[in-house]
Amino acid sequence: MSAKYYKEKHLQATRYKIENVIRQQDFLSRHRWKVIAAGIVFSFWAPTYMQGHYSSKRVSILEKTDYTYLKLVMLCASVYMVLCILYHLSSRYQDKKKLKELKKLEKRLEKEISELD
């Protein structure tokens, strides 16, 4: 097996990685309704969540604070939205960075293969 063969295999694997990164981009926008449904469930469930064992005295956030249930739901929804926005921005940045590195590697491999011919 020659060096050219291994370079071509590496190039092929790099192209598959590029396709994979492109296909998996924008998770939140592709699964928009699932993310919205999870946010609604989280927003209504979180204020009544009780931490601890069943045998110990458990207190929910609703019982600990002076806020109404509706205000706590709105607070949880806001926190969920901020986390989703942060996730979206960081994943877009990471995907662009990974795609840039893979395209640079692809060009380098194409150049090395053409020099071997």
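Everything that follows concerns the structure shown earlier in this document.
Small disclaimer: the values here were computed from a predicted structure and weren't measured.

Novice: Hey, could you run me through helix α3 (residues 32-45) in this one?
Specialist: The periodicity of an α-helix, 3.6 residues per turn, causes residues three or four places apart in sequence to face the same way. In this model, α3 (14 residues) spans 20 Å end to end at C-alpha, consistent with the 20 Å of a helix rising 1.5 Å per residue. Residues of α3 that are buried: Val35, Gly39 and Ser43. Looking straight down α3, one finds its buried side chains confined to an arc of 65°; they lie on one side. Within α3, the exposed residues directed more than 90 degrees away from the buried face are Trp33, Lys34 and Val41. Along its buried surface, α3 packs onto α2 (27-30) and α5 (69-116).

Novice: What is the right way to look at the packing of α3 against α5 in this model?
Specialist: Following both chains from N to C, one finds α3 and α5 inclined at 140°, their axes separated by 8 Å at the closest point. In this structure, the crossing between α3 and α5 has a hand that is right-handed. Every residue of α5 that contacts α3 at Val35, Ala38, Gly39, Phe42, Ser43 and Phe44 is listed here: Tyr69, Val73, Cys76, Ala77, Tyr80 and Cys84. Here the contact of α3 with α5 is built from residues that sort into 10 nonpolar, 2 polar and no charged.

Analysis parameters
- Residues numbered from 1 in each chain as written.
- Predicted model: local features only at pLDDT ≥ 70, side-chain atom pairs only at ≥ 80, totals over all residues.
- Heavy atoms only, no water.
- Helix = DSSP H or I, 4+ residues; strand = E, 2+ residues; numbered from the N terminus.
- Expected span 1.5 Å × (residues − 1).
- Buried < 20%, exposed > 50% of the residue type's maximum accessible area, 1.4 Å probe, protein only.
- Arc of directions from axis to C-beta.
- Contact = heavy atoms within 4.5 Å.
- Axes fitted to C-alpha atoms, helices over the stretch in contact; angles between N-to-C directions.
- Left-handed = near helix turned anticlockwise from the far one by under 90°.
- Nonpolar A, V, L, I, M, F, W, Y, C, P; charged D, E, K, R; others polar.

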